[in-house]
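Report on the structure
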Amino acid sequence: GMQSHLQALLSLYKLFCPEQVTITLPGKMKTYFKNSGGPWKAAIAAVRQRNQGTSPLSQAVFLGTSKRPSRKRKWNAQLVIPASSANTNHLEEDREKNWFSLCSPNESFPVEQLQTFPQLLQNIHRLEFPSQMGSVLTNPLLLHYMNCVKDESIYLRLYYWMGQRLQEECTWCVVDNPDEEEFKSFLETAYKAECFLQEGFSACEEFLYKTLPLWDGVCCRSEVLKLVSWIPLSSFSDIKPYLFDPLAQLFFTSSIYFKCSVLESLKELLQNWLICNVIQMDLETSS
């Protein structure tokens, strides 16, 4: 039947492609899709601000979302592993005991006390990830563990956290965001973690596909092109409108240095794809 959310979807289709929707829709319906022009408004406002020095847009818009929430203190700004709530009561006595004889085999090992690779090997079945997943990005031991266990819930937690952080901090999609250096540092951290794991993060791939059409090719150039080199392998038709078309528009209108940077990034992307393909073929052959 004509459910309200389906009517809203059809009305959106009718707005952009009226010839495709021939049925009559009610005039008054609940709004399900707001600010469909949000990305363009944000991009236009950012250009006006750079050219005129003032922004006519009073609130920040990121890919159709509303005003950017104000925060007195950035969460996870330093990406430091916090003490997990399950082990907080035992921290004082833990410092007085040997780490290896601290817990019984069935108890979890506090990740904030994980310091060496032998500790990781001895307690690999008793580790539990910290509540703040961002701290994993800067910890090689936890990245080793993450690469070893292949737990889908871990990747999902990191995906949601990184997606939110990238959305809130993107300096060319969030108007009046002065924290470019901090955002560049975060992108560099994500890139280094991808190099360590030898695979790209889904959140970074999604972020690039959403924001490259709005990117001016200048802001965080080096960090963005580094992330491009770790986009997972997929068909050309799938990634062309989201990756190659936006880069091509910038490529033909930018300096020689930018052109060389893009070619270098795409060369590294091809190398990563070839390595992943060879590894996959080896696994299939061995199995």
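Definitions and limits used
Residues numbered from 1 in each chain as written. Predicted model: local features only at pLDDT ≥ 70, side-chain atom pairs only at ≥ 80, totals over all residues. Heavy atoms only, no water. Helix = DSSP H or I, 4+ residues; strand = E, 2+ residues; numbered from the N terminus. Buried < 20%, exposed > 50% of the residue type's maximum accessible area, 1.4 Å probe, protein only. Contact = heavy atoms within 4.5 Å. Areas by Shrake-Rupley, 256 points an atom, 1.4 Å probe, with all protein chains shown as cover. Salt bridge = Lys/Arg side-chain N within 4 Å of Asp/Glu carboxyl O. Axes fitted to C-alpha atoms, helices over the stretch in contact; angles between N-to-C directions. Parallel < 35°, antiparallel > 145°, perpendicular 65-115°, else oblique. Nonpolar A, V, L, I, M, F, W, Y, C, P; charged D, E, K, R; others polar. Phe/Tyr/Trp six-rings, centres within 6.5 Å; stacked < 30°, edge-to-face > 60°. Core = buried A, V, L, I, M, F, W, Y, C linked by side-chain atoms within 4.5 Å. pLDDT = per-residue confidence, 0-100.

1. A word on the overall build of the protein
A tally of helices and strands in the protein yields eleven helices and zero strands. Put simply, the protein runs from its N terminus to its C terminus through helices and strands in the order α-α-α-α-α-α-α-α-α-α-α. For the protein, buried positions account for 39% of its 287 residues. For the protein, the proportion of contacts with a sequence separation of at least 24, taken over those separated by at least 6, is 60%. Accessible surface, the protein: about 17,300 Å² in total, of which carbon and sulfur atoms supply 55%.

2. Points about the pattern of salt bridges
Tallying each qualifying case throughout the model produces six salt bridges. In this structure, the salt-bridge partner of Glu182 is Arg165, at a minimum N-O distance of 3.6 Å. One end of the pair, Glu182, is in helix H7 (residues 180-197); the other, Arg165, is in helix H6 (residues 152-169), and 17 residues separate them in sequence. In this structure, Lys184 and Glu181 form a salt bridge, with 3.9 Å as the shortest nitrogen-oxygen distance.

3. Side note on the packing of helix H10 (residues 236-251) against helix H11 (residues 256-286)
In the contact formed by H10 and H11, the axes pass within 10 Å of each other and the chain directions differ by 155°. In terms of axis orientation, H10 runs roughly antiparallel to H11. The segment H10 lies against H11, with Ile239, Leu243, Phe244, Leu247, Leu250 and Phe251 engaging Phe258, Lys259, Val262, Leu263, Leu266, Leu269 and Trp273. Class assignment for the residues of the contact of H10 with H11 results in twelve nonpolar, no polar and one charged.

4. Remarks on the packing of aromatic side chains
By the definition in use, this model includes ten aromatic pairs. Geometrically, the ring pair formed by Trp161 and Phe186 is edge-to-face, given 5.7 Å between the ring centres and 70° between the ring planes. Of this pair, Trp161 sits in helix H6 while Phe186 is found in helix H7, placing the two residues 25 residues apart along the sequence. Looking at Trp161, the relative accessible area reads 10%, which means it is buried. In this structure Phe186 comes out as buried when scored by relative accessible area, which is 3%. Pairing Phe236 with Phe244 gives two aromatic rings, centres 5.5 Å apart and planes at 25°, and the pair type is stacked. Here Phe236 falls in the exposed class, since its relative accessible area comes to 51%. What makes Phe244 partly exposed here is its relative accessible area of 21%.

5. Here we look at the nonpolar core
Judged by nonpolar contacts, the single largest core of 57 residues is most densely connected at Met146, Met162, Trp172, Phe201, Trp215 and Leu243. Top contributing element to this core by residue count: H7, with seven residues. Setting aside residues no more than four positions away along its own chain, Phe201 makes contact with Leu137, Met146, Leu158, Met162, Ala190, Ala193 and Glu194.

6. Considering the side chain of Ser265
Here Ser265 is to be found in helix H11. Residue classification places Ser265 among the buried residues on the basis of a relative accessible area of 4%.

7. A look at the confidence of the model for the protein
Low-pLDDT stretches of the model should not have their predicted coordinates read in fine detail. Across the protein, the average pLDDT comes to 77, with 75% of residues at or above 70. When the elements of the protein are averaged for pLDDT, helix H3 (residues 91-96) gives the smallest value, 46, and helix H9 (residues 221-228) the largest, 94. Per-residue pLDDT stays below 50 along residues 54-78; that stretch engages in 59 contacts with residues further than four places along the chain or on separate chains.

8. Focus on helix H8 (residues 202-211)
Burial of H8 is extensive: seven of the ten residues sit out of reach of the surface. For H8, the complete set of buried residues consists of Ala203, Cys204, Glu205, Phe207, Leu208, Tyr209 and Thr211. Turning to H8, the residues buried within the fold contact H6, H7, H9 and H10.

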